[in-house]
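Now for the letters of each chain:
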Amino acid sequence: MNIMEIIVGYEEVLKDVSKESDRLVRLYGESLVCKKGCSACCTDISLLPLEWYTLRERITSSQESFIPENTQGSCALLKEKSCSFYSNRPLICRTHGLPLLYLTEEYDAKGTRVAPEIPDWQISWCDLNFTSVTDETMEEVFDPEDVLNMEEWNTHLKQLNQEFLKTEEGAPFRGKERISIQDLFTKTEA
Ligand code: SF4
């Protein structure tokens, strides 16, 4: 795959995640208190190289000059409690506030995965939105069809990231697992 195909593939994934998130926002409407001004999820997150590279390209080509606020622990793109690059936000940001399904993997002291044949699925949710949900009630509240399957999205993302690392543009990122959004403004090189 060349860089253009990878970026197009990445944008498709973002579009699909947004579409599914929009469906869940409509479904859980009354429970959701997410709105402009709530930035509880906007911590200093890290991204895969492909996500980081694409975000940097978007910010660099943006007409607006952007100076990050120096708020420790918060995402560097947050300004007055709103995302300054909302339409270009990464995958994880499109899932904020919704119930997410993850596969938890347990490893022993030697780094070997424990019982890989028995997948252990976990749902995480925002306490500000789903105030009455507990570990005991989550399976009754959340239908498996109505949670975001992060395993599926992350698998697509990791595959595209692998392809990206093979390209000339991805070469400076080889050997890097994840990069902080903060580094968009503190480093000039990947
Ligand atoms: S990129 Fe935007 S939505 Fe994502 S954590 Fe940063 S400020 Fe929040």
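The structure presented is a predicted model; accordingly, all values stated were derived computationally and were not measured.

Regarding the pairing of strand 4 (residues 100-104)
The sheet contact formed by strand 4 and strand 5 (residues 120-124) spans five bridges and is antiparallel. If you follow Leu-100 over to strand 5, its bridge partner there is Ser-124.

Side note on the confidence of the model for the protein
Taken residue by residue, the protein gives an average pLDDT of 92. The fraction at 70 or more is 98%. Across the protein, the secondary-structure element scoring lowest on mean pLDDT is helix 5 (residues 183-186), at 87, and the one scoring highest is helix 1 (residues 3-27), at 98.

As for the site of the ligand
Taken together, Cys-42, Ile-45, Cys-75, Leu-77, Leu-78, Cys-83, Arg-89, Cys-93 and Ile-181 are the residues near the ligand. By residue class, the composition of the shell around the ligand is eight nonpolar, no polar and one charged.

Quick look at the nonpolar core
Leu-50 and Leu-160 are the most contacted members of the largest nonpolar core, which has 20 residues in total. For this core, the secondary-structure elements that each account for two or more residues are helix 1, helix 2 (49-61) and helix 4 (150-165). The residues touching Leu-160, leaving out its near neighbours within four places in the chain, are Ile-6, Gly-9, Tyr-10 and Leu-50.

Brief notes about helix 1
Between its terminal C-alpha atoms helix 1 stretches 36 Å, which fits the 36 Å expected from 25 residues at 1.5 Å a residue. Packing partners of the buried residues in helix 1 comprise helix 2 and helix 4.

Examining helix 4
Its 16 residues place the ends of helix 4 22 Å apart at the C-alpha level, agreeing with the 22 Å of an ideal helix rising 1.5 Å per residue. Restricting attention to buried positions, one finds in helix 4 the residues Trp-153, Leu-157, Leu-160, Asn-161 and Phe-164. For helix 4, the buried positions fall inside an angular range of 105° around the axis, keeping them on one side. In this structure, helix 4 carries Thr-155 and Lys-158 as exposed residues pointing more than 90 degrees from its buried face. Of the surrounding elements, those touching the buried residues of helix 4 are helix 1, helix 2 and strand 6 (148-149).

What to know about the environment of Thr-155
On the secondary structure map, Thr-155 appears in helix 4. Classification of Thr-155 as exposed rests on a count of 12 C-beta atoms within 10 Å. Along the primary structure Thr-155 and Leu-91 are separated by 64 residues, whereas in three dimensions their C-alpha atoms are 12 Å apart.

What about unusual backbone geometry?
With the exception of glycine, most residues fall at negative phi, and the peptide bonds are largely trans. If you check the backbone angles, Glu-80 has positive phi at about 45° while not being a glycine. As for its placement among the helices and strands, Glu-80 is situated in the loop between strand 2 (78-79) and strand 3 (82-83). Looking at Glu-80, the number of C-beta atoms within 10 Å reads 9, which means it is exposed. The backbone of Lys-81 sits at a positive phi, close to 65°, despite the residue not being glycine.

Focus: the sheet that holds strand 6
Taken in spatial order, the three strands make up an open sheet running 5-4-6, and their pairing is mixed. Lying at the two open borders of the sheet, with one neighbouring strand each, are strand 5 and strand 6. Relative to strand 6, strand 4 runs parallel, the two sharing two bridges. Bridge pairing in strand 6 places Leu-100 opposite Leu-148. On top of the sheet, helix 4 reaches strand 4 and strand 6; it is set at about 75° to strand 4, its chief contact.

Quick word on the packing of helix 1 against helix 4
For the pair helix 1 and helix 4, the least separation of the axes is 10 Å and the interaxial angle reads 165°. Our classification of the angle between helix 1 and helix 4 gives roughly antiparallel. When you trace helix 1 past helix 4, the crossing you get is left-handed. Residues Ile-6, Gly-9, Tyr-10, Val-13 and Val-17 of helix 1 touch helix 4, and the partners they reach there are Trp-153, His-156, Leu-157, Leu-160, Glu-163 and Phe-164. By residue class, the composition of the contact of helix 1 with helix 4 is eight nonpolar, two polar and one charged.

Rules used in this analysis
Residues numbered from 1 in each chain as written. Predicted model: local features only at pLDDT ≥ 70, side-chain atom pairs only at ≥ 80, totals over all residues. Pairing = 2+ DSSP bridges. Helix = DSSP H or I, 4+ residues; strand = E, 2+ residues; numbered from the N terminus. pLDDT = per-residue confidence, 0-100. Near = placed C-beta within 6 Å. Nonpolar A, V, L, I, M, F, W, Y, C, P; charged D, E, K, R; others polar. Core = buried A, V, L, I, M, F, W, Y, C linked by C-beta atoms within 7 Å. Buried ≥ 20, exposed ≤ 12 C-beta atoms within 10 Å, placed from the backbone. Contact = placed C-beta atoms within 7 Å. Expected span 1.5 Å × (residues − 1). Arc of directions from axis to C-beta. Axes fitted to C-alpha atoms, helices over the stretch in contact; angles between N-to-C directions. Parallel < 35°, antiparallel > 145°, perpendicular 65-115°, else oblique. Left-handed = near helix turned anticlockwise from the far one by under 90°.

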